[in-house]
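# Structural overview for review
Here's the letter readout for the chains.
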Amino acid sequence: MPKLRGEAFWRETLRSAHYVVAPMVDQSELAWRLLSRRHGAQLCYTPMLHAQVFLRDANYRRENLYGEACPEDRPLIVQFCANDPEVFVQAALLAQDYCDAIDLNLGCPQMIAKRGHYGAFLQEEWDLLQRMILLANEKLSVPITCKIRVFPEIDRTVKYAQMLEKAGCQLLTVHGRTKEQKGPLAGVASWEHIQAVRKAVSIPVFANGNIQCLSDVEECIRKTGVHGVMSAEGNLHNPALFEGRNPLVWEMAEEYLEIVQKHPCPLSYVRAHLFKLWHHTLQVYQQLREELAKVKTLEGIVDVNRELKLRCQEEIANQKEGEKPKEGLPFFHWICQPYIRPGPKERCRKNGASGTEKGVRGKRALEEEEDGNSELLSKNKQKKKLRNPNKSFDPSLKPKYAKCDQCGNPKGNKCVFNMCRGCCKKRAFKETADCPGHGLLFKTKYEKSLSWQNSPQDDTHYSLLMGVEGEKRSALHVEW
């Protein structure tokens, strides 16, 4: 059967999907995809998979894609991050029989993507991207798609999209934010960029950004003319978003936990999903928030979920007539609803000097007083602080390591040359010297080898001598 392309691919293989669940690292796993499909999602992506790891690690393939067959989890697009055409295509060949298309991630803006040189940090390397997509389009039996972020300039974004289409991309998802727009600096996604891309290309286009409810989906399609709309954050806080409903949180949580029983996934995934679903409620019941963070089993998570449900039901029973939601929420906290991420200035105003408002800790920010100076702690530092309340993050209290005289790395405490082991080994070899601190005995072994030259060499002497010579040759190789 010939490979479908463009509109035909979207219409027949993807069944004209309008409602799409985004690829989310550690969050769009099978159990969550099945829950989303039950509540209106028509197309799902896997979490972003690392092409090189997928290629070399059979366990990684099994855990992320090769598990039990699940016919209801289709249509499905597998997303990879990669920066090498051959690696990308080889990984995609291993995945193509388990999905309906392969997506190349060109939108991840996180620091890990910058360090790994993938995602949105490839958007300047058009020659490389052309080679990757051309090769994938030639070798794969399923279509190749791309998910991108925009450039600040609309014209450049349009040319970028046209280049990808020309290289062989069959469907394009456009996140209407630049790679600098992330976290508290996310801001509003530009539907103008998305509309311009939709008008400039002939392949199907999905929009991503500013989607918190079904009316947003409908408005985005109307304004931009895209074929479908993708949701990430909105879907995590309300899996029934595409149904246009705002169900009770515990209904979604209990249904998800039932699916996890049938389709297990790492406990960290489950915990993260419940933190999203119960986000507003956990701002009220801080103790249960801490319990959810510390629990070690699925049964323990189920128990915390049950307790949250009971607390909410008790609150509903004691509710006064005409009472309205607090904290400016559109619904009461036990109802699935969007989370609007505050900007940095808004967060500082909200948290004030103490980092709390009416006893509620702000998301991803915690004010701590250390040595009279206040500082914002990251989410990871908050977790470390919970495990060890005495831990300090004051840079001046960090241990100071003496540096190697040669390269600046930490030196060995007992090194006779005041160097790290690598530099010490080179110098000891050059000077035929010893460094007991690093266990380097070039001088001692050389002197012993000289004393044995005029004596019969038994097997032990010969082996030791050859060991010395081999070590010197090895050191010489490092020198070169």
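Everything in this summary refers to the structure shown in the same document. (Residues numbered from 1 in each chain as written. Predicted model: local features only at pLDDT ≥ 70, side-chain atom pairs only at ≥ 80, totals over all residues. Heavy atoms only, no water.)

### Description of unusual backbone geometry
- Between R74 and P75 the backbone carries a cis peptide bond, its omega angle lying at 0°.
- Tracing the chain through its elements places P75 in the loop between α4 (58–64) and β4 (76–81).
- Positive phi outside glycine occurs at S16, with the angle close to 55°.
- For S16, the position within the fold is in the loop between α1 (6–13) and β1 (19–21).
- Residue classification places S16 among the partly exposed positions, given a relative accessible area of 23%.
- For H117, which is not a glycine, the phi torsion comes out positive at approximately 60°.
- Within the secondary structure layout, H117 lies in the loop between α6 (111–116) and α7 (126–139).
- Judged by its relative accessible area of 31%, H117 is partly exposed. (Helix = DSSP H or I, 4+ residues; strand = E, 2+ residues; numbered from the N terminus. Buried < 20%, exposed > 50% of the residue type's maximum accessible area, 1.4 Å probe, protein only.)

### Focus on the nonpolar core
- One finds F80, F88, I102, L164 and L172 to be the most contacted residues of the largest nonpolar core, which totals 110 residues.
- Looking at this core element by element, the count peaks at 8 residues for helix α12 (residues 249–262).
- Residue assignment places this core across two domains, with domain 1 (6–244) and domain 2 (257–318) each supplying three or more.
- In this structure, C415, M419, C420 and C435 belong to the second largest nonpolar core, which totals 13 residues. (Core = buried A, V, L, I, M, F, W, Y, C linked by side-chain atoms within 4.5 Å. Domains from an automatic or database assignment.)

### Here we look at the packing of aromatic side chains
- Here the structure, examined in full by the defined rule, presents 10 aromatic pairs.
- Relative to W334, the ring of F332 lies with its centre 4.9 Å away and its plane at 5°, an arrangement referred to as stacked.
- Take W334: its relative accessible area is 5%, and that puts it in the buried class.
- Ring geometry for F429 and F442: centres 6.0 Å apart, planes at 75°, overall edge-to-face. (Phe/Tyr/Trp six-rings, centres within 6.5 Å; stacked < 30°, edge-to-face > 60°.)

Interpretation in functional terms is not warranted from these geometric data alone.
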